[in-house]
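Tertiary structure, described
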Amino acid sequence: MGNGNNWDDLRYLLAVARHGSLSAAARVLGVNHSTVLRRVTALEQAMGAQLFDKLPGGYVLTAAGDEMHRVAQKMEEDLAAANRLLSGRDTRIGGSLRVTTVDILTLYILPHHIAAFRRLHPELRVDLVAAEASLSLTRREADVAIRATSRPPENLVGRAVSGLAFAVYGASSHLDRVGGSDDLDRHPWVGLDESFEHTSLAQWMKRTVPAASIGYRVNSVAGAVEAVRAGIGLGLLPCGVVDRDPAFRRIGDPVPEADAKLWLLTHEDLRHMGRVRAFLDFMADALTRERDLLEGRCPIPLSPPDILLSPPP
């Protein structure tokens with residue numbers, strides 16, 4: 001359709017329709033009178049229809065021109081929204097935001113924060129994907145990642161908002177039943193399967209807990225939390241999840257070798273998007289306020305000292 005597909009020509013149509021004359025449109029667009037006339041004429045020829053009637057009071061849209069004007073307005077709005085989004089100036093926080101994180105955060109840490117965030121931004125839908133394997137932010141499988149790691153991917157940008165401490169726990173019911181024993185080899189343990197071999201959690205377990213003591217393995221930390229709750233055995237669990245739950249009892253201090261950092265991450269190209277920025281800022285503030293809990297510093301009743309964990313020589 002020739003010049004009818006040219007957004008630049010539509011800009012001239014919009015300017016003349018808004019200001020009613022060629023000269024007024026020319027002043028707004030920063031061009032001369034003849035340029036505006038030429039571009040409007042070219043658009044009319046391309047569309048095969050007269051778009052304006054020239055009346056004593058100025059230029060007025062014809063029926064065909066009014067239809068084209070609505071199309072041009074929609075294109076203008078879409079382009080303006082895209083430009084704001086890409087430049088980080090989009091003040092409207094709507095649409096959807098895809099967030100990927102691990103199961104323990106999905107189940108135990110994030111829900112009440114997301115509820116508070118949604119009360120502030122009800123027009124924004126949050127799609128939360130629980131995945132131990134990192135989704136690709138580069139391929140836009142997610143917009144934001146919240147990860148517990150000591151080595152965030154180099155192609156992402158973000159910040160660590162808290163440590164994430166792990167300690168040994170047992171179910172209160174289990175520890176009450178077996179009594180205080182300083183021989184932890186006699187306690188059954190809940191372990192993580194081979195999919196966690198690369199993690200500091202699994203490496204600490206391998207160094208510290210005899211393989212014969214592990215009576216149950218699971219492929220998620222949330223699964224380990226629930227197994228320990230059920231009384232299957234002891235487990236190395238996140239303090240931020242279980243310290244506030246009276247069903248658990250911590251045995252000793254957090255294990256330094258298992259510490260991780262809680263990172264809020266996004267791709268460089270997405271960091272200035274309105275919805276991404278709003279979510280990252282909100283979550284950084286919310287999780288920072290919970291640092292004492294996440295880093296294992298909340299006061300809790302510890303197990304008797306005669307069953308404190310000590311690694312084998």
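Now for a description of the structure that goes with this document. Fair warning: this is a prediction, and the values are worked out from it, not measured in the lab. Think of each chain on its own: its residues are numbered from 1, step by step along the sequence as written. Given that the model is predicted, a residue must reach a pLDDT of at least 70 before its local features are reported, and side-chain atom pairs must reach 80 or more before they are shown or counted; all residues, however, enter totals for whole chains, interfaces and linings. Only heavy atoms go into the side-chain values, all of them from the structure, while hydrogens and water stay out.

A word on the nonpolar core
Under the convention used in this document: As used in this record, nonpolar core signifies buried Ala, Val, Leu, Ile, Met, Phe, Trp, Tyr and Cys residues forming a set joined through side-chain atoms within 4.5 Å. When accessible area is computed with a 1.4 Å probe and restricted to protein chains, residues below 20% of their type maximum are described as buried, those above 50% as exposed, and intermediate ones as partly exposed. Secondary structure elements follow DSSP: runs of H or I no shorter than four residues count as helices, runs of E no shorter than two count as strands, and numbering proceeds from the N terminus. Between two residues, a contact is recorded if the distance between any of their heavy atoms is within 4.5 Å.
Of all hydrophobic cores here, the largest spans 60 residues; its most connected members are Ile146 and Leu236. It is helix 11 (residues 274-289) that contributes the most residues to this core, seven residues altogether. Once residues lying within four places of it in the same chain are set aside, the contact partners of Ile146 are Val99, Thr100, Thr101, Val102, Leu105, Leu110, Leu262, Trp263, Leu264 and Phe279. Core analysis: the second largest hydrophobic core is formed by 17 residues, Tyr12, Ala25, Val40 and Tyr59 among them.

Details of the side chain of Asp243
Here is the rule we go by: Throughout this description, a polar contact denotes any pair of N or O atoms lying within 3.5 Å of each other; where both atoms belong to protein, one of them has to be capable of donating a hydrogen while the other can accept it, and for residues adjacent in sequence the pair is counted only when both atoms sit in side chains.
Mapping Asp243 onto the fold places it in the loop between helix 10 (239-242) and strand 11 (248-251). Looking at Asp243, its side chain comes within polar contact range of the side chain of Tyr169, at 2.6 Å. For Asp243, the side chain forms a polar contact with the side chain of Arg250, separated by 2.7 Å.

Considerations on the sheet that holds strand 3 (residues 95-101)
Heads up, the rule is: Between any two strands, at least two bridges found by DSSP are needed for them to pair. Axes, fitted as lines to C-alpha atoms, cover a helix only where it is in contact. Angles between the N-to-C directions of the axes lie from 0 to 180 degrees.
A sheet is described by the order of its strands in space; here five strands give the open sequence 4-3-5-12-6, paired in mixed fashion. Taken across any chain shown, the strands that pair with only one partner, and hence form the sheet edges, are strand 4 (124-130) and strand 6 (156-164). Each strand axis lies, on average, 20° off the axis of its neighbour in the sheet, ignoring direction. Relative to strand 4, strand 3 runs parallel, the two sharing seven bridges. Residue pairing across strands places Thr100 opposite Val129, the latter belonging to strand 4. Sitting on the sheet, helix 11 touches strand 3, strand 4, strand 5 (144-149), strand 6 and strand 12 (260-267), and the angle it makes with strand 12 is about 170°.

Digging into helix 11
Rules: A helix is expected to span 1.5 Å for every residue after the first.
An ideal rise of 1.5 Å per residue puts 22 Å on 16 residues; helix 11 measures up with 23 Å between its terminal C-alpha atoms. All of the buried residues along helix 11 are Gly274, Arg275, Val276, Ala278, Phe279, Leu280, Met283, Ala284, Ala286 and Leu287.

Considering the sheet that holds strand 11
One open sheet accounts for three strands, arranged 10-7-11; its pairing is antiparallel. A single partner strand is all that each edge strand has here, and the edge strands are strand 10 (235-238) and strand 11. If you compare each strand with its neighbour and ignore which way they point, the axes differ by 55° on average. Note that strand 7 (residues 166-171) and strand 10 share four bridges and pair antiparallel. Within the sheet, the bridge partner assigned to Val168 lies in strand 10 and is Leu236. On the sheet, helix 9 (residues 221-229) packs against strand 7, strand 10 and strand 11 and is oriented at approximately 120° with respect to strand 10.

A short note on helix 3 (residues 33-47)
Spanning 15 residues, helix 3 covers 22 Å between terminal C-alpha atoms, matching the ideal 21 Å at 1.5 Å per step. Of all the residues in helix 3, the buried ones are Thr35, Val36, Arg39, Val40, Ala42, Leu43 and Glu44. On the buried face of helix 3, the contacting elements are helix 1 (7-19), helix 2 (22-29) and strand 1 (52-55).

Structural notes on the packing of aromatic side chains
To keep things clear, this is the line we draw: Working definition: rings of Phe, Tyr and Trp (its six-membered ring) pair if their centres are within 6.5 Å, and the pair is stacked with planes under 30 degrees apart, edge-to-face with planes over 60 apart, and tilted otherwise.
Under the definition given, this model contains three aromatic pairs. By the ring-pair criterion, three or more aromatic residues cluster together here, those being Phe117, Phe279 and Phe282.

Comments concerning the environment of Ala130
Inspection of the secondary structure puts Ala130 in strand 4. Taking relative accessible area as the criterion, Ala130 reaches 46% and is therefore assigned partly exposed. Each C-alpha atom of the pair Ala130 and Val99 lies 8.6 Å from the other, and the pair is 31 residues apart in sequence.

A closer look at the pattern of salt bridges
Our working definition: By definition here, a salt bridge exists when the distance from a side-chain nitrogen of Lys or Arg to a carboxyl oxygen of Asp or Glu is within 4 Å.
Using the criterion set out here, one finds 14 salt bridges in the structure. Residues Glu194 and Arg217 are paired through a salt bridge, measuring 2.9 Å at the closest nitrogen-oxygen approach. Of the two residues, Glu194 sits in the loop between strand 8 (189-192) and helix 8 (200-208) while Arg217 sits in strand 9 (residues 214-218), which places them 23 residues apart along the sequence. In this structure Glu194 comes out as partly exposed when scored by relative accessible area, which is 47%. Several salt bridges share partner residues, and in doing so they unite Arg291, Asp292, Glu295 and Arg297 into one network.

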